Amino acid sequence: MTDSPSAPVPPAGTAQTPVLQARGLVKRYGHVTALDGADFDLMAGEVLAVIGDNGAGKTSLIKALTGALQPDEGEIMLDGRPVRFRDPLDARRNGIETVYQDLAVAASLDIASNMFLGREARRPGFLGRVFRLLDHRRMREESARHMAELKIGLRSLTQPVESLSGGQRQGVAVARAVAWARHVVVMDEPTAALGVKESGQVLDMIRRVRDRGLPVVLISHNMPHVFEIADRIHVQRLGRRVAQIKPGEHSMAEVVAIMTGALRLDADEQAVVADKEAARAIGLT
Amino acid sequence: MTATMTPPKPPEAAEPSPARRLLSTPTVGPLAALLLACVFFSFNSDQFLTGGNFSLIIQQVMVVGTLAIGQTLIILTAGIDLSNGAIMAFGGILMAKLAAEGTVPPLVAIALGLLVCAGFGAANGLLVTLVPLPPFIVTLGMLNVAFALTHIYSQDQTVTNLPAPLTALGETFAIGDTRVTYGSLLTILLFLLFAYLLGQTAWGKHVYALGNSPEVARLTGIRTGRLTVGVYTTAGFVYGIAALLLVSRTGVGDPQAGQTDNLDSITAVVLGGTSLFGGRGLVIGTLIGALIVGVFRNGLQLMGVASIYQTLITGILVILAVTVDQLSRRRIR
């Protein structure tokens, strides 16, 4: 890990090698199987939405990929190398940054302190080494640069983040993740608590992150947002990935039907009825 | 919101004016209160505004003030420490007895006292972190443990005839015509040290983040358990310094000392504008809070007001300070 947030290295992985990949992840809690042989593929430079009903294992999947839980079985590969994350810090050291829902920022600290929380920059030389003096100016300048790159409009970096609006606060969290991520940015329901306008700002930010070459994993319940921004959609159901979908090729209704198990994709990636009763229940024929 | 309406500019985006930002600093109110009190007492007593009197006020608040430094650290993590006065009393009696009876050299006695106080703090921190238990309950228990140990170890006897190193901080030096104790100077230096640690180091930022939300701090990669134990241990060490200040000021080891100092230290922290909910406040505010109590007691005494009214006014000030904290939090939400 470098001791300063820097521009990401040019997109890791190629069209053939996924940046982040998982095969056959299994996680059991007593009798409950949260992950039942789940696969996952994130390609370079894409926004991948992960969707699924409650209990489909989205959260467990994301936690396994970001070090917040250890799978019982299966393999995770970063740029094709097998990796094993002991905790979230370990995943971050490997260049995977996560924006957690509701748990992103320390309210009374200012923006620069939040951007560098846990990875503070110290003054060079004696003052930093012996007196552990923080380099406030450098942290503010670098924070300002990152906020500007994502076009997050803030005029002061010394305000405590609790004085910001929800969207701006989410912006700080996203900017921090982007500033430090070298491989992947994971966002858990980044628009869940936001209004229409603020959600739009966050979606714009996600596009800018992708345009900088960082792939984004987006967990969301909001289908219009998913269809607006995702390059591909990973559909999770009953602890597994049941489909990978390009938003242009299937309708929102079809995707929802696949998510609930009414439809499935056949070998030609055509949606076919999997459960007649379920399909009828949601009005498909 | 209607579709035709242009979205209003979010007011948060504007840079707050310097005046507004100054007013939103939690230490400004307490500082204004302190200055107003000083002006008031200057007009009502000839003796108030003298160097000698201010030196006396600092001597009177230095023990509680030093305890309040540790209390500030713990309150910033959204904890509370009810045991600090009792830990200090035990540390003081331990230093005094070991040194007076010649069991060990005086400087070793002081070092042992500091270490034992740090050990009490560490025990508090480990119980809060590992079990985990609420700080209120842990320190309430530790209050009784330390109180009992103080009386058992001292057999309720006051320790006298202390060797010189234990009373050295009670010696004075002159600034102009005013005699100032070395203990007062040490107290001020401690406040500056912790203002530096909290404001200028990564450790300080982590303490604030922990007080805001332990979960956010953990997910950010801060080792919250280690940090919590560190904070309580550091606070314990500072209580040890308070014990030395106490012994040097009174010249004896007194098993009855410090019985209300836990609440007095919380008073100083709260009056200084630090939030009891954690994550907000400054240690310099605590110094101001301690001085407010000292100035009111001293000034009212000079005006001939009975001491029970001093307590009454302190109580009203605490309730006022907490009210202001609550109201300002509500405005933020």
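In this report, the structure presented in the accompanying data block is examined. (Residues numbered from 1 in each chain as written. Chains lettered and ligands numbered in written order. Predicted model: local features only at pLDDT ≥ 70, side-chain atom pairs only at ≥ 80, totals over all residues. Heavy atoms only, no water.)

1. Structural notes on the overall build of chain A
Reasoning step 1: A tally of regular secondary structure across chain A gives 10 helices and 12 strands.
Reasoning step 2: Whereas a compact globule of 285 residues would reach a radius of gyration of roughly 19 Å, chain A reaches 20 Å, a difference of no more than 12%.
Reasoning step 3: Seen through its principal axes, chain A has C-alpha atoms that stretch 70 × 40 × 35 Å.
Reasoning step 4: Pairs at least 24 apart in sequence give 63% of the contacts found in chain A among residues at least 6 apart.
Reasoning step 5: If you sum the accessible surface of chain A, you get close to 12600 Å²; carbon and sulfur atoms cover 50% of it.
Reasoning step 6: For chain A, the centre of its 37 positive side-chain charges and the centre of its 35 negative side-chain charges are spaced 6 Å apart. (Helix = DSSP H or I, 4+ residues; strand = E, 2+ residues; numbered from the N terminus. Rg over C-alpha atoms; globule rule 2.2 N^0.38 Å. Contact = heavy atoms within 4.5 Å. Areas by Shrake-Rupley, 256 points an atom, 1.4 Å probe, with all protein chains shown as cover. Lys, Arg positive; Asp, Glu negative; His and termini not counted. Charge placed at Lys NZ, Arg CZ, Asp CG, Glu CD.)

2. Focus on the overall build of chain B
Reasoning step 1: From N to C terminus, chain B includes 14 helices and two strands.
Reasoning step 2: In terms of overall size, chain B behaves like a compact globule, its C-alpha atoms giving a radius of gyration of 21 Å where 333 residues would be expected to give roughly 20 Å.
Reasoning step 3: When the backbone C-alpha atoms are referred to their principal axes, chain B occupies close to 85 × 55 × 35 Å.
Reasoning step 4: Across the 333 residues of chain B, 49% fall into the buried class.
Reasoning step 5: In chain B, 76% of the contacts between residues at least 6 apart in sequence involve partners at least 24 apart.
Reasoning step 6: Computed over 16 positive and 13 negative side-chain charges, the inter-centroid distance for chain B is 15 Å. (Buried < 20%, exposed > 50% of the residue type's maximum accessible area, 1.4 Å probe, protein only.)

3. With respect to the environment of Gln 310 of chain B
Residue and element names in this part refer to chain B.
Reasoning step 1: Relative to the assigned elements, Gln 310 resides in helix α14 (residues 307–332).
Reasoning step 2: Separated by 17 residues in the primary sequence, Gln 310 and Val 293 place their C-alpha atoms 8.7 Å from one another.
Reasoning step 3: Once residues lying within four places of it in the same chain are set aside, the contact partners of Gln 310 are Arg 297, Leu 300, Gln 301 and Val 305.

4. Section: the side chain of Arg 176 of chain A
Residue and element names in this part refer to chain A.
Reasoning step 1: Within the secondary structure layout, Arg 176 lies in helix α6 (residues 166–180).
Reasoning step 2: Buried within the structure, Arg 176 lacks any salt-bridge partner; its nearest side chain of opposite charge belongs to Glu 97, at an N-O separation of 5.5 Å.
Reasoning step 3: Among the polar contacts made by the side chain of Arg 176, one reaches the main-chain carbonyl oxygen of Asn 114 at a distance of 3.0 Å. (Salt bridge = Lys/Arg side-chain N within 4 Å of Asp/Glu carboxyl O. Polar contact = N/O pair within 3.5 Å; in protein donor to acceptor, adjacent residues only side chain to side chain.)

5. What about the packing of helix α3 (residues 51–76) of chain B against helix α4 (residues 84–100) of chain B?
Residue and element names in this part refer to chain B.
Reasoning step 1: In contact at an axis separation of 10 Å, α3 and α4 are set at 120° when each is read in the N-to-C sense. By the criterion of interaxial angle, the relationship of α3 to α4 is oblique. The handedness of the crossing between α3 and α4 is right-handed. When α3 is examined against α4, the residues Val 63, Leu 67 and Gln 71 are found in contact with a partner set consisting of Asn 84, Gly 85 and Met 88.
Reasoning step 2: Of the residues assigned to the contact of α3 with α4, the class counts are three nonpolar, three polar and no charged. (Axes fitted to C-alpha atoms, helices over the stretch in contact; angles between N-to-C directions. Parallel < 35°, antiparallel > 145°, perpendicular 65-115°, else oblique. Left-handed = near helix turned anticlockwise from the far one by under 90°. Nonpolar A, V, L, I, M, F, W, Y, C, P; charged D, E, K, R; others polar.)

6. Examining helix α8 (residues 182–200) of chain B
Residues and elements named next belong to chain B.
Reasoning step 1: Taking 1.5 Å of rise per residue, the 19 residues of α8 would be expected to cover 27 Å, and the 26 Å separating its terminal C-alpha atoms lies within 8% of that figure.
Reasoning step 2: All of the buried residues in α8 are Gly 183, Ser 184, Thr 187, Leu 190, Phe 191, Phe 194 and Leu 198. In an axial view of α8, the angular spread of the buried residues amounts to 115°, which keeps them on one side of the axis. (Expected span 1.5 Å × (residues − 1). Arc of directions from axis to C-beta.)

7. Topic: unusual backbone geometry
Residue and element names in this part refer to chain B.
Reasoning step 1: Omega for the peptide link from Val 131 to Pro 132 comes to -15°, which places this bond in the cis form.
Reasoning step 2: Tracing the backbone shows Pro 132 in the loop between α5 (106–130) and α6 (135–154).
Reasoning step 3: Its identity is not glycine, yet Asn 161 carries a phi of approximately 55°, on the positive side.
Reasoning step 4: Looking at the secondary structure, you find Asn 161 in the loop between α6 and α7 (164–167).
Reasoning step 5: The exposure class of Asn 161 is exposed, given its relative accessible area of 70%.

8. Observations regarding the pattern of salt bridges
Residues and elements named next belong to chain A.
Reasoning step 1: Applying the stated criterion across every chain, the model contains 15 salt bridges over all chains.
Reasoning step 2: In this structure, Arg 241 engages Asp 41 in a salt bridge whose closest nitrogen and oxygen atoms are separated by 2.9 Å. Of this pair, Arg 241 sits in strand β10 (residues 240–245) while Asp 41 sits in strand β2 (residues 32–42), and the two are 200 residues apart along the sequence. Of the two residues, Arg 241 and Asp 41, both sit in the buried class.
Reasoning step 3: One connected set of salt bridges, linked through shared partners, spans Arg 23, Asp 41 and Arg 241.

9. Digging into the sheet that holds strand β6 (residues 96–99) of chain A
Residue and element names in this part refer to chain A.
Reasoning step 1: Within the open sheet, the six strands sit side by side as β6-β7-β8-β3-β9-β10. Their pairing is mixed. Looking along the sheet, the strands with just one partner apiece sit at the ends: β6 and β10. Shown here is a sheet whose adjacent strand axes are inclined to one another by a mean of 20°, direction ignored.
Reasoning step 2: Relative to strand β7 (residues 184–188), β6 runs parallel, the two being bridged by four bridges. Bridge assignment links Val 99 to a residue of β7, and that residue is Met 187.
Reasoning step 3: Packed on one face of the sheet, α6 meets β6 and β7 and runs near 175° to β6. (Pairing = 2+ DSSP bridges.)

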